[in-house]
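Per-entry structural report
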There are 2 protein chains.
Amino acid sequence: MADDNTVYIGGKPVMRYVLAVIMQINTGKSDEVVLKARGRAVSRAVDVAEIVRRRFLPGLEVASIVTSTEEISREDGSKTAVSSMEITLKQG
Amino acid sequence: MADDNTVYIGGKPVMRYVLAVIMQINTGKSDEVVLKARGRAVSRAVDVAEIVRRRFLPGLEVASIVTSTEEISREDGSKTAVSSMEITLKQG
């Protein structure tokens, strides 16, 4: 699966995602992890990347950070734009 | 001043910062603007960058995005870590 090494950041406590990233690096097939977040979860994604790198896996490098805008359809059919971010962390 | 072209993103409405960035590009000496944000304002900084580029200045490119961790001293003398982000936008 292409998205195998992706961790989607939502509203759960930061440490859950930190653990998911560490698990992915330690047991996954890829030496990269991609963090994806939208809207207010974007700040949490940055927290996750910083905590993983500072406290747990100092060898991990930020390979890229890309921002974009996604169109979300509301239940009533109207659309709204939300910022999103992808942080790619790579084992150095 | 070195920080002349920096826009600090805080808790004000997003469009204030969008306007500040547009003003900076149109009237400032530099063809670059640096957005700086900490903590929960990080998502707002991404919003600002996306709105400016999509709606107002499509020629503006994201030159770099850098995340880091800052130590903040609380009033009682204890310290806490907070994620920060710098987005550099450059006139293409």
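The sections below set out a description of the structure shown in this document. Just so it is clear, the structure is predicted and the values come from calculations on it, not from any experiment.

The rules behind each value
Residues numbered from 1 in each chain as written. Chains lettered and ligands numbered in written order. Predicted model: local features only at pLDDT ≥ 70, side-chain atom pairs only at ≥ 80, totals over all residues. Heavy atoms only, no water. Helix = DSSP H or I, 4+ residues; strand = E, 2+ residues; numbered from the N terminus. Contact = heavy atoms within 4.5 Å. Least-squares fit on C-alpha atoms with pLDDT ≥ 70 in both. Salt bridge = Lys/Arg side-chain N within 4 Å of Asp/Glu carboxyl O. Buried < 20%, exposed > 50% of the residue type's maximum accessible area, 1.4 Å probe, protein only.

Here we look at the side chain of A:Thr6
Tracing the backbone through its elements, the reader meets A:Thr6 in strand E1 (residues 6-9). Once residues within four sequence positions are removed from consideration, A:Thr6 is found in contact with A:Val34 and A:Lys36.

Regarding the relation of the copies chain A and chain B
The transformation that overlays chain A on chain B combines an axial shift of 0.0 Å with a rotation of 180°, and the residual RMSD is 0.0 Å. The superposition of one copy onto the other is thereby described by a two-fold rotation axis. The C-alpha atom lying nearest the rotation axis in chain A is that of A:Ser43; the distance is 2.6 Å.

A closer look at the pattern of salt bridges
Applying the stated criterion across every chain, the model contains 11 salt bridges over all chains. Salt-bridge contacts for A:Lys29 lead to A:Asp4; the nearest nitrogen and oxygen are separated by 3.8 Å. You can see A:Lys29 sitting in the loop between helix H1 (14-27) and strand E2 (32-38) and its partner A:Asp4 sitting in the segment before E1, a full 25 residues away along the chain. A salt bridge links A:Arg38 to A:Glu70; the nearest nitrogen and oxygen atoms lie 2.7 Å apart. Here the residue A:Arg38 occupies a position in strand E2, and A:Glu70 occupies one in strand E3 (residues 60-73), the gap between them amounting to 32 residues. A residue is classified by how much of its surface remains accessible, and A:Arg38, at 45% relative accessible area, is partly exposed. Through salt bridges with shared partners, a single ionic network connects B:Asp31, B:Glu32 and B:Lys90.

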